[in-house]
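Residue strings, one per chain:
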Amino acid sequence: ALSDDASRRDALASVDYFGHIQRLHDDAELQHFTELRPGGSAHLRIIFFLEAGAERFWPVWATATQLDGNVIVAQMGHRDSQVTSGQPAPFMASLKVRRFPCAVIYDPISRAVKVSHGIDGVDREVQRFLSGENLSPEDK
């Protein structure tokens, strides 16, 4: 495993980052990403909300590649889902995200949402859901 930041940056520069991670640009794309569609995947969705949607982050890449085939991963700049007043757009507001960076784990079948503040360790949290652990009562 790559342990130092310089090695991780070099690795991220040489991989097809957005081949594994969908880049979302607005509230409509965000909502569409979470929807369960006929013939589509019922896999958990993970949306990483970052300062800038085009940036590459090791924890996002690690989550997407380690859980490939079990989840669908996207990332979005948190300002990309705001209305002109700076308030969250309607679907983003429904997720009840308050701090950034963060990750939202979304089940398209039950529409259950788990917000994880910070982006480190999301892969372990998702593994718990995949192994059958339910969302806790304080989660939506």
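Residues numbered from 1 in each chain as written. Predicted model: local features only at pLDDT ≥ 70, side-chain atom pairs only at ≥ 80, totals over all residues. Heavy atoms only, no water.

A. Local environment of the overall build of the chain. What the chain contains, in helices and strands, is 6 helices and 5 strands. Going from the N terminus to the C terminus, the chain shows its helices and strands as α-α-β-α-β-α-β-α-β-β-α. Relative to its length of 140 residues, the chain is compact, with a C-alpha radius of gyration of 15 Å against a globular reference of 14 Å. When its C-alpha atoms are laid out on the principal axes, the chain stretches across 40 × 40 × 30 Å. (Helix = DSSP H or I, 4+ residues; strand = E, 2+ residues; numbered from the N terminus. Rg over C-alpha atoms; globule rule 2.2 N^0.38 Å.)

B. Region of interest: the pairing of strand 4 (residues 102–106). Burial analysis of strand 4 places 5 of its 5 residues in the buried class, the great majority of the element. Of the two faces of strand 4, the one holding Cys102, Val104 and Tyr106 and the one holding Ala103 and Ile105 are both buried throughout. Inspection of the sheet shows strand 2 (residues 44–50) paired to strand 4 by 5 bridges, in the antiparallel sense. Residue pairing for strand 4: Arg45 is matched across the bridge by Tyr106. Where strand 4 and strand 5 (residues 113–117) come together, 5 bridges link them in antiparallel fashion. From the neighbouring strand, Tyr106 faces strand 5, where its bridge partner is Val113. Connecting the antiparallel pair strand 4 and strand 5 is a turn made up of 6 residues, with Arg111 showing a positive phi of about 65 degrees. (Buried < 20%, exposed > 50% of the residue type's maximum accessible area, 1.4 Å probe, protein only. Pairing = 2+ DSSP bridges.)

C. Broad picture of the sheet that holds strand 1 (residues 22–23). The mixed open sheet is built from 5 strands, whose spatial order is 1-3-2-4-5. Looking at the sheet topology across the chains shown, the edges are occupied by strand 1 and strand 5. Relative to the sheet, helix 3 (residues 27–34) contacts strand 1, strand 2, strand 3 (71–77) and strand 4, its axis offset from that of strand 2 by approximately 155 degrees. With respect to the sheet, helix 4 (residues 58–66) is in contact with strand 2 and strand 3, its orientation differing from that of strand 2 by roughly 170 degrees. (Contact = heavy atoms within 4.5 Å. Axes fitted to C-alpha atoms, helices over the stretch in contact; angles between N-to-C directions.)

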